Amino acid sequence: RSGEADLALADDRAELRDDVVLNTSNGYELRSDLMTSETSKLNVKSPGPVRGKAPLGTLEAGALSISKSDDSGGTQLLFTDRVKLIYKPKPLIE
């Protein structure tokens with residue numbers, strides 16, 4: 001979801017701006033001012049700050065890349081540039 005978006009299928013490019021929110025199936029909710037993506041494959045980038053909720057807590061980073069992993073074929077989220085993770089473990093049940 002975003003406030004604005006440009007889609008250029010001929011250029012294989014999408015650009016989302018203005019409070020971009022990305023939700024993943026495994027529990028991440030990430031926000032940024034700008035995210036770009038190729039339209040033909042999984043290649044998402046946020047060149048600026050990213051913040052959000054992760055399954056293990058909250059996080060902030062200076063940039064984000066999302067792509068298919070070469071090794072496993074799964075999805076890889078790569079947070080870079082001053083990454084901060086506040087880990088919130090689940091309480092132990094006795």
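As a reminder, the structure under discussion sits directly above these lines.
Below: a short report on this structure. The model shown is predicted, which means the values in this text are computed figures rather than measured ones. (Residues numbered from 1 in each chain as written. Predicted model: local features only at pLDDT ≥ 70, side-chain atom pairs only at ≥ 80, totals over all residues. Heavy atoms only, no water.)

Some thoughts on the packing of aromatic side chains
Moving on, step 1. Evaluation of the coordinates by the stated rule reveals one aromatic pair.
Moving on, step 2. Centroid distance Y28 to F79: 6.5 Å. Interplanar angle 25°. Geometry classified as stacked. Of the two residues, Y28 is situated in the loop between strand 2 (13-23) and strand 3 (29-37) and F79 in strand 8 (residues 75-80); the sequence distance between them amounts to 51 residues.
Moving on, step 3. Taking the relative accessible area as the measure of exposure, Y28 reaches 21% and is therefore partly exposed. (Phe/Tyr/Trp six-rings, centres within 6.5 Å; stacked < 30°, edge-to-face > 60°. Helix = DSSP H or I, 4+ residues; strand = E, 2+ residues; numbered from the N terminus. Buried < 20%, exposed > 50% of the residue type's maximum accessible area, 1.4 Å probe, protein only.)

Structural notes on the environment of G48
Moving on, step 1. Residue position: G48 is located in the loop between strand 4 (43-46) and strand 5 (50-54).
Moving on, step 2. Counting along the chain gives 21 residues from G48 to S69, while the straight-line C-alpha distance between them is 22 Å.
Moving on, step 3. Apart from residues lying up to four places away in sequence, G48 is in contact with S32, A61, G62 and A63. (Contact = heavy atoms within 4.5 Å.)

Re a nonpolar patch on the surface
Moving on, step 1. Together, L56, L85 and Y87 line one region of the surface with nonpolar side chains, adding up to about 330 Å² of accessible area.
Moving on, step 2. Relative to the helices and strands, L85 is located in strand 9 (residues 84-87). (Patch = residues over 30% accessible without salt bridge, like charges linked within 9 Å, V, L, I, M, F, W, Y side chains within 5 Å. Areas by Shrake-Rupley, 256 points an atom, 1.4 Å probe, with all protein chains shown as cover. Salt bridge = Lys/Arg side-chain N within 4 Å of Asp/Glu carboxyl O.)

Topic: unusual backbone geometry
Moving on, step 1. Phi at D19 is positive, roughly 55°, even though this residue is not glycine.
Moving on, step 2. Inspection of the secondary structure puts D19 in strand 2.
Moving on, step 3. Positive phi is not limited to glycine here, since D81 has a value of about 65°.
Moving on, step 4. With respect to the helices and strands, the residue D81 is situated in the loop between strand 8 and strand 9.

Here we look at the nonpolar core
Here is a general trend for soluble globular proteins: nonpolar side chains tend to be buried in one another's company.
Moving on, step 1. By size, the foremost hydrophobic cluster in this structure holds eleven residues: V20, L30, M35, V44, V50, A54, L59, A61, L64, I66 and F79.
Moving on, step 2. For this core, the elements supplying multiple residues, two or more each, are strand 3, strand 5, strand 6 (57-61) and strand 7 (63-68).
Moving on, step 3. Every residue in contact with A61, bar those within four places of it in the chain, is listed here: G48, P49, V50, F79, T80, D81, R82 and V83. (Core = buried A, V, L, I, M, F, W, Y, C linked by side-chain atoms within 4.5 Å.)

Observations concerning the side chain of S32
Moving on, step 1. With respect to the helices, strands and loops of the structure, S32 is situated in strand 3.
Moving on, step 2. Here P49 takes part through its backbone oxygen, which lies 3.1 Å from a polar atom of the side chain of S32.
Moving on, step 3. In contact with S32, not counting residues within four places along its chain, are D19, V20, S46, G48, P49, V50 and R51. (Polar contact = N/O pair within 3.5 Å; in protein donor to acceptor, adjacent residues only side chain to side chain.)

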